[in-house]
Amino acid sequence: MPNSKRSTGLTERQKDRMSSGTFAFPKERKEPLNDASHVRNAIARFDQVEGVSDSEREAAWKRIRAAAKKYGVEVKARGWRSLMKGGASAERSGRTRR
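Conventions used here
- Residues numbered from 1 in each chain as written.
- Predicted model: local features only at pLDDT ≥ 70, side-chain atom pairs only at ≥ 80, totals over all residues.
- Heavy atoms only, no water.
- Helix = DSSP H or I, 4+ residues; strand = E, 2+ residues; numbered from the N terminus.
- Buried < 20%, exposed > 50% of the residue type's maximum accessible area, 1.4 Å probe, protein only.
- Contact = heavy atoms within 4.5 Å.
- Areas by Shrake-Rupley, 256 points an atom, 1.4 Å probe, with all protein chains shown as cover.
- Core = buried A, V, L, I, M, F, W, Y, C linked by side-chain atoms within 4.5 Å.

A.B. asks: Please explain the overall build of the protein chain as it appears in this structure.
C.D. replies: Along its length, the protein chain carries 4 helices and 2 strands. N-terminal to C-terminal, the α/β element order of the protein chain is α-β-β-α-α-α. The proportion of buried residues among the 98 residues of the protein chain is 32%. Relative to all contacts within the protein chain whose residues are 6 or more apart in sequence, the contacts with residues 24 or more apart total 43%. For the protein chain, the exposed area adds up to about 7100 Å²; of that, 47% sits on carbon and sulfur atoms.

Structural data, given as structure tokens:
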């Protein structure tokens, strides 16, 4: 029987050993960009990161785009604002879509 175990992600110890530059949001150490799977995850969860400014999101988006290119991940979104869904995370941060 083939091993069908899925990756459980990075452990806290692994994250702690990563340089801050490996994360989309380095100050918060959120959304690691160390492989294609994590890049896709960072894009999918982009709107869930709380407590960051628009300029931090802009910088994170640039890091995500660079990592996507490095790992061959196709990015369909034109910019980070298109990833913001509105919902609960936007309400908590004081942003709403109109």
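This is not the end of the story, as more comes after the structure.
A.B. asks: Teacher, can you tell me more about the nonpolar core here?
C.D. replies: As a rule of thumb, soluble globular proteins bury nonpolar side chains together. Phe25, Leu33, Val39, Phe46, Trp61 and Ile64 are the most contacted members of the largest nonpolar core, which has 20 residues in total. Those elements that provide at least two residues to this core are β1 (23-25), α2 (36-44) and α3 (54-71). With 5 residues, the top contributor of residues to this core is α3. Not counting residues within four places of it along the chain, the set of residues in contact with Trp61 comprises Ile43, Phe46, Val75, Ala77, Arg78, Gly79, Trp80 and Leu83.

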